[in-house]
Amino acid sequence: MTFTVIGITDHPQPWFPPVVTDLIAAGRIFSGGRRHHEIVAPLLPPDAEWIDITVPLDDVFERYHDHVVVFASGDPLFFGFANTLRRHFPEADIKIFPTFNSLQLLAHRLLMSYHDMRIVSLTGRPWPELDRALIEHSSKIGVLTDRLHTPAAIAQHMLDYGYTDYCMHVGEHLGNPAKEKVTTLTLHEAAQRSFPMPNCIMLIRQLSDKGGYRSPFGIPDTSFALLDGREKMITKMPIRLLTLQALDLPSRQVLWDIGFCTGSVSIEARLQFPHLGIEAFEIRPECEAIIHENMRRHGAPGIQVHIGDFLQTDIVQLPRPDAVFIGGHGGQLKAIMHKVVPHLTDGGIIVMNSVVAPKVTTDSRQLWDEVCQELGLSQEPPLHIQLNDHHPITILKCKRK
């Protein structure tokens, strides 16, 4: 198999250098999206066979043979179809003739440098990479959109989580002289507008704007919405930071927070380590509204919330954790650990905070020691903390060998 991948813009009459026009003239099998076909159809040989790129891609790839000339948007290696071809046909000979991608064109229209632009693709992808860029307060973010992640949806998502200190530039039909348009708006304006496809956006942080939440290192306990106003139903800030340290989160990829209650641990982890994927579990249905309120208050999108009994929750399809915090177990510590450990990656860590309280009949520390032995987990020395005159806390940590 050999492929020639040619990048095009939205221009209805594309210009190609002679080497590319010769390749098109000599081609027989061509492929691309339907919009690409509309643009290049007048340039194809009379006997050309066209293969639409549609899902499922396996059906498309079965029709590919010999030499295929593929048309793709912009630079085919920039979140483009050439990367897909390389994965599916690792032995194929691939030649690429790129043009400017849409975000480059938008930067050109704005006369704006783009060497420092943070690139995020939401085309067929979920929110996490945009969320990470926002949490890290990136000053210039280029975003590739789709019909679900529209400029209006992106603007509303940012407003929901307090990232109001950005303006939005929207580029429509870039490369098409008759339809091309660039619009600059506030997020509130963008949230009320619709834009024709294809489009892309650039988000510019306004450093002089006082909007937007900026989290401290260690979020004050008083800034969280609480369960029934009960101050004891939250992992206190100093303990929370020590817990995150015990979880070794800078080198981890997926955190499970079991028994999140207010969500303070998940939210602190999300803000301090925005590369993490976080799955948060809680049995009490009233906590769902609380964690979402706290996520909005603190600008912490991207935490996946699961409500219901953890022991009855289907976790097979969830990303495997390499860090687990057990914030509450309702007397089911052993059962929870037996369910978690088979999904824990090798070298994965589990952390639990044990409180010695007079009314507790079964010491959670004893249960912890027993279940770690049962599961063959290696324990690290416990850390004993007492913040005030109330019950001391022991931070327990174990690792899967």
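Everything below is about the structure shown above.
The structure contained in this document is the topic of the report that follows. Just so it is clear, the structure is predicted and the values come from calculations on it, not from any experiment. (Residues numbered from 1 in each chain as written. Predicted model: local features only at pLDDT ≥ 70, side-chain atom pairs only at ≥ 80, totals over all residues. Heavy atoms only, no water.)

### Digging into the overall build of the protein
Counting secondary structure elements, the protein contains 13 helices and 18 strands. Taken over the C-alpha atoms alone, the protein extends approximately 85 × 50 × 35 Å along its principal axes. Looking at the protein as a whole, 46% of its 401 residues qualify as buried. Considering only contacts in the protein between residues 6 or more positions apart, those separated by 24 or more positions represent 68%. Carbon together with sulfur atoms contributes 53% to the accessible area of the protein, which is approximately 19400 Å² in total. Separation between the mean location of the 37 positive side-chain charges and that of the 45 negative ones in the protein comes to 3 Å. (Helix = DSSP H or I, 4+ residues; strand = E, 2+ residues; numbered from the N terminus. Buried < 20%, exposed > 50% of the residue type's maximum accessible area, 1.4 Å probe, protein only. Contact = heavy atoms within 4.5 Å. Areas by Shrake-Rupley, 256 points an atom, 1.4 Å probe, with all protein chains shown as cover. Lys, Arg positive; Asp, Glu negative; His and termini not counted. Charge placed at Lys NZ, Arg CZ, Asp CG, Glu CD.)

### Quick notes on the sheet that holds strand S3 (residues 49-52)
Across the sheet, which stays open at both edges, the five strands sit in the order S3-S2-S4-S1-S5 with parallel pairing between neighbours. Either end of the sheet is taken by a strand with one partner, and the two such strands are S3 and strand S5 (93-97). On average, adjacent strands in this sheet sit at an angle of 20° to one another, irrespective of strand direction. In this sheet, strand S4 (residues 67-73) lies alongside strand S2 (residues 29-32) in parallel orientation, the contact comprising three bridges. Bridging across to S4, Ser-31 finds its partner in Val-70. (Pairing = 2+ DSSP bridges. Axes fitted to C-alpha atoms, helices over the stretch in contact; angles between N-to-C directions.)

### What about helix H11 (residues 286-297)?
Counted at 1.5 Å a residue, the expected span for H11 with its twelve residues is 16 Å, and the 17 Å between its end C-alpha atoms agrees. Where H11 is concerned, the buried positions are Cys-287, Ile-290, Ile-291, Asn-294 and Met-295. Considered in projection along H11, the buried side chains sweep an arc of 135° and stay on one side of the axis. If you follow the buried residues of H11, they end up packed against helix H10 (264-272), strand S12 (277-282) and strand S13 (303-307). Looking at the residues trailing H11, positive phi occurs at Gly-299, about 65°. (Expected span 1.5 Å × (residues − 1). Arc of directions from axis to C-beta.)

### Considerations on the sheet that holds strand S6 (residues 118-121)
Across the sheet, five strands lie side by side as S6-S7-S10-S8-S9; this open sheet has mixed pairing. Looking at the sheet topology across the chains shown, the edges are occupied by S6 and strand S9 (181-186). For this sheet, the mean angle separating the axes of adjacent strands, direction not counted, is 20°. In the sheet, S6 pairs with strand S7 (residues 140-144) via four bridges, with the strands oriented parallel. Bridge assignment links Arg-118 to a residue of S7, and that residue is Ile-141. Together, S6, S7, strand S8 (166-172), S9 and strand S10 (199-205) form the strand contacts of helix H5 (residues 102-109), whose direction differs from that of S10 by roughly 55°. Along the sheet, helix H7 (residues 151-160) contacts S7, S8 and S10; its crossing angle with S8, the most-contacted strand, is approximately 170°.

### Some thoughts on the pattern of salt bridges
In total, this model carries 18 salt bridges according to the counting rule given. The salt bridge partner of Asp-221 is Arg-240, with a shortest N-O separation of 3.2 Å. With Asp-221 in the loop between S10 and helix H9 (237-246) and Arg-240 in helix H9, this pair connects stretches of sequence that are 19 residues apart. Residue class for Asp-221 comes out partly exposed when judged on its relative accessible area of 24%. Several salt bridges converge on common partners, so that one network encompasses Arg-118, Arg-132 and Glu-136. (Salt bridge = Lys/Arg side-chain N within 4 Å of Asp/Glu carboxyl O.)

The analysis is restricted to geometry; functional conclusions fall outside its scope.
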